[in-house]
Structure formats: C-alpha cells, structure tokens
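# Understanding the architecture of this molecule
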Amino acid sequence: MRVDQRLIAEMIAPRARVLDVGCGDGTLIDYLFRTRACDARGIEIDMQNVTQAVAHGLPVMHGDADHDLANYPDDVFDYVVLQRTLQAVERPREVLRQMLRIGRHAIVSFPNFGHWRLRLQLLLTGRMPMTAVWNTPWYSTLNIHPCTIRDFLMLCEEEGYVIQKWLAVDEDGDRAPWRRSIRLANLFGEQALFLLSRTDRNGS
C-alpha cells in the first residue's frame, strides 16, 4: 500500500460504508475489507484497473468522478475517498461538493504542487517539474488541476467545509512536528491528506 492509502485507512472507522473514487486496482478497498470490516466499494476510470479489481473479487465499477457521483443519493456513505485524483478531475470544486452530498465525510489526498523541489526545478530550469509523484511530461499528464496545500485550504474555506483533520507527509510517510505549520507543510510536504465534513454536520 502507498503511504497515503495507509493514512486514509487510519481515518476510517470500522464497519463504515465507504466509496473510493479513483480506486485504482482496489488496494485500499481490499485493505478496508480485511482490517476494518468496511462495506467498501469503488469507481475507477481506467478499465484495466477495474478488470484487475473485479478479478480479485472487489466491488469496483467503471466510472469517473466528474460525471458519476451525481447518480448517488444523499448520505448513502459514511466516507467518500478521493485518493490522488483531485488534480486529475475536470471540476474539482463540483467533485468535492458531490462527495460531501453523498457522504458524511470526505477524505482527500493529493500531491502538493507547492513542495520545494517542484519550486526549485521550475526556478532553475524554467520547465514543468518532474518528481516521483509528478512523473509524466506536461503534454501527456492527466494532472490538469495541480494545487498546493494553501490552495486547497482556501477552497475549503470558500465552500464552508469543516476540516476535521489534515496532515502533510513525505513520500515515505514522515510526519515531522513542523508540518503542523501550514507554511512549512506547503513547502516540505510532498502530499497532503484532509478529512472533511459539511458545516451542517457535527462530524460524529
């Protein structure tokens, strides 16, 4: 499992109803089944990943965040997860709204475009940066809406979302105390995770 998937799992209560949006091959779903007895399912846009997940007996459907979340009724899930997909959707603001319509909580992980290595590469080379996370050239990347931790915090404030928990980590999962600072997290955190709820919910 990736670091962000393990940290997402830690945020999810046992036996919860979970929708994993952009679930890939279903690794997180399988883990939630086995370790937390969750009623977990997923949607995934890559048909090869869907086929692989279904072959392993996982409830994964072909679909995408931009169009298919609107088909779910209100409050049908306890958690709706978007793992490393926010930067690849066409309408990130609308996707978040749909997540918090159909779920009591939303968990979002995304690579932080404000990390110092990306800033330095852009400054020194004048070209779009490449890292282990941002690992495809600009002309073929699926990442059409890269954002920083500060960008996401501002969006949550504009939309009135309650941030119940957030953290920034390195690719190896290091969570040093200085990452409690938004400024330092935005500079040194390679990826971020947020647990959100709506303002009309108490988070219970």
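About the cut-offs
- Residues numbered from 1 in each chain as written.
- Predicted model: local features only at pLDDT ≥ 70, side-chain atom pairs only at ≥ 80, totals over all residues.
- Heavy atoms only, no water.
- Phe/Tyr/Trp six-rings, centres within 6.5 Å; stacked < 30°, edge-to-face > 60°.
- Helix = DSSP H or I, 4+ residues; strand = E, 2+ residues; numbered from the N terminus.
- Buried < 20%, exposed > 50% of the residue type's maximum accessible area, 1.4 Å probe, protein only.
- Salt bridge = Lys/Arg side-chain N within 4 Å of Asp/Glu carboxyl O.
- Core = buried A, V, L, I, M, F, W, Y, C linked by side-chain atoms within 4.5 Å.

Here we take up the packing of aromatic side chains. In total, this model carries five aromatic pairs according to the counting rule given. Plain terms: the ring middles of F110 and F194 are 6.0 Å apart, the flat faces sit at 10° to each other, and that makes the pair stacked. Here the residue F110 occupies a position in strand β5 (residues 103-111), and F194 occupies one in strand β7 (residues 191-197), the gap between them amounting to 84 residues. When sorted by exposure, F110 lands in the same class as F194, which is buried. Measuring from centroid to centroid gives 4.6 Å for F152 and F194, while their planes differ by 50°, and the two rings are tilted. Remark: F194 occurs in strand β7 and F152 occurs in helix α7 (residues 149-159); sequence separation between them is 42 residues. Both residues of the pair, F152 and F194, belong to the buried class. Taken together through their ring pairs, the aromatic side chains of F110, F152, W166 and F194 make up a single cluster.

Going through the model one piece at a time under the given rule, you end up with 13 salt bridges. A salt bridge links D78 to R17; the shortest N-O distance between them is 3.0 Å. Taken as a pair, D78 in strand β4 (residues 77-83) and R17 in strand β1 (residues 17-21) lie far apart in primary sequence, 61 residues in all. For D78, a relative accessible area of 13% translates into the label buried. On the basis of relative accessibility, which here comes to 31%, the residue R17 falls in the partly exposed class.

Of all hydrophobic cores here, the largest spans 31 residues; its most connected members are L19, L69, M99, F110 and F152. Within the residue set of this core, elements represented by two or more residues are β1, β4, α5 (92-102), β5, α7 and β7. Among the nonpolar cores identified, the runner-up in size contains 25 residues, and L7, A9, C23 and V50 belong to it.

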